Amino acid sequence: WSGAKAKYSEALGVKPGEKYPTDQIAICDANIKKAGVDKTYNDLIAAADALFKNSDWTGAKAKYQEALKIKAGEKYPADQIVICDQKIKEAKDKPYNDLIAAADELFKNSDWAGAKAKYQQASAMRSTEQYPKDQIKVCDDNLKKAGVDKQYNDLIAAADALFKSSDWAGAKAKYQAALAV
């Protein structure tokens, strides 16, 4: 386009005011501009794709947005921006989700104290989330029950030991204490 424009400009030098070379120069200028826009757009897409490949979702999104400013109707950068937004959200949610997963695993294994600690960390990250708060309450209930069960079992074991040693009064007192738990 640049070479053609130069020749049309020479032609205008020979015959100034001719319509045909003037029209062709305008077409050359439009194509030169379009080629520049295309190159800029393609360079931005290439840069965005490289950032995307390296999981730099924020950087990639910015480049895709720049590309959309140059060619607003393009589907590819718009679709990539949606994916970047999803990846950014996933990355932001990962620490919380990892804590919940770890807490759920501990909970499943009846490690109430360990699960409670993880749920508390998750709740501190997202104070508006109800799930970890509900699970903390369940953990507390299970810890309390485990404490009562331990106390009861300890009293029964002590009462049984006293019973075996024929300490009837001591055994009776321990059995009564176990009933009170």
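Everything numeric here is computed off the predicted structure, so don't read it as measured data.

### Quick notes on the side chain of Q135
Within the secondary structure, Q135 is located in helix α6 (residues 130-164). Q135 has contacts with F107 and Y119, leaving out every residue within four places of it along the chain.

### Brief notes about the nonpolar core
Membership of the largest hydrophobic core is limited to 12 residues, which are Y41, L44, I45, A48, F52, W57, A60, Y64, A67, L68, I81 and C84. Mapped by element, the contributors of at least two residues to this core are α2 (19-53), α3 (57-70) and α4 (75-108). The contacts of A60, once residues within four sequence positions are left out, are A48, L51, F52 and C84. Judged by nonpolar contacts, the second largest core, of 10 residues, contains Y96, I100, W112 and I136.

### Focus: the environment of I45
As for its placement among the helices and strands, I45 is situated in helix α2. Using a relative accessible area of 11% as the deciding quantity, one classes I45 as buried. It is 42 Å that separates the C-alpha atoms of I45 and E105, two residues lying 60 residues apart in sequence. Setting aside chain neighbours within four positions, we find I45 in contact with Y64, A67, Y76 and P77.

### What to know about unusual backbone geometry
Even without being a glycine, S55 presents a positive backbone phi close to 65°. Within the secondary structure, S55 sits in the loop between α2 and α3. Positive phi, normally seen in glycine, also occurs at S110, with a value near 60°. Its place among the elements puts S110 in the loop between α4 and α5 (112-125). In this structure S110 comes out as partly exposed when scored by relative accessible area, which is 42%.

### A few points about α3
End to end, α3 covers 20 Å across 14 residues, agreeing with the expected 20 Å (1.5 Å per residue, within 8%). Against α2 and α4 lie the buried residues of α3.

### Structural notes on the environment of A101
Position of A101 relative to the elements: it lies in helix α4. In this structure the C-alpha to C-alpha distance between A101 and A157, which are 56 residues apart in sequence, comes to 38 Å.

### Quick notes on the pattern of salt bridges
Should the charged atoms of two oppositely charged side chains come close, the side chains can pair. All chains considered together, the criterion is met by 16 salt bridges. Across the salt bridge formed by D79 and K75, the nearest N and O atoms sit 2.8 Å from each other. Pair noted here: D79 and K75 are both in helix α4, with a separation of 4 residues, about one helical turn. Because the salt bridges share partners, they merge into one network encompassing K89, D93 and R126.

The rules behind these values
- Residues numbered from 1 in each chain as written.
- Predicted model: local features only at pLDDT ≥ 70, side-chain atom pairs only at ≥ 80, totals over all residues.
- Heavy atoms only, no water.
- Helix = DSSP H or I, 4+ residues; strand = E, 2+ residues; numbered from the N terminus.
- Contact = heavy atoms within 4.5 Å.
- Core = buried A, V, L, I, M, F, W, Y, C linked by side-chain atoms within 4.5 Å.
- Buried < 20%, exposed > 50% of the residue type's maximum accessible area, 1.4 Å probe, protein only.
- Expected span 1.5 Å × (residues − 1).
- Salt bridge = Lys/Arg side-chain N within 4 Å of Asp/Glu carboxyl O.

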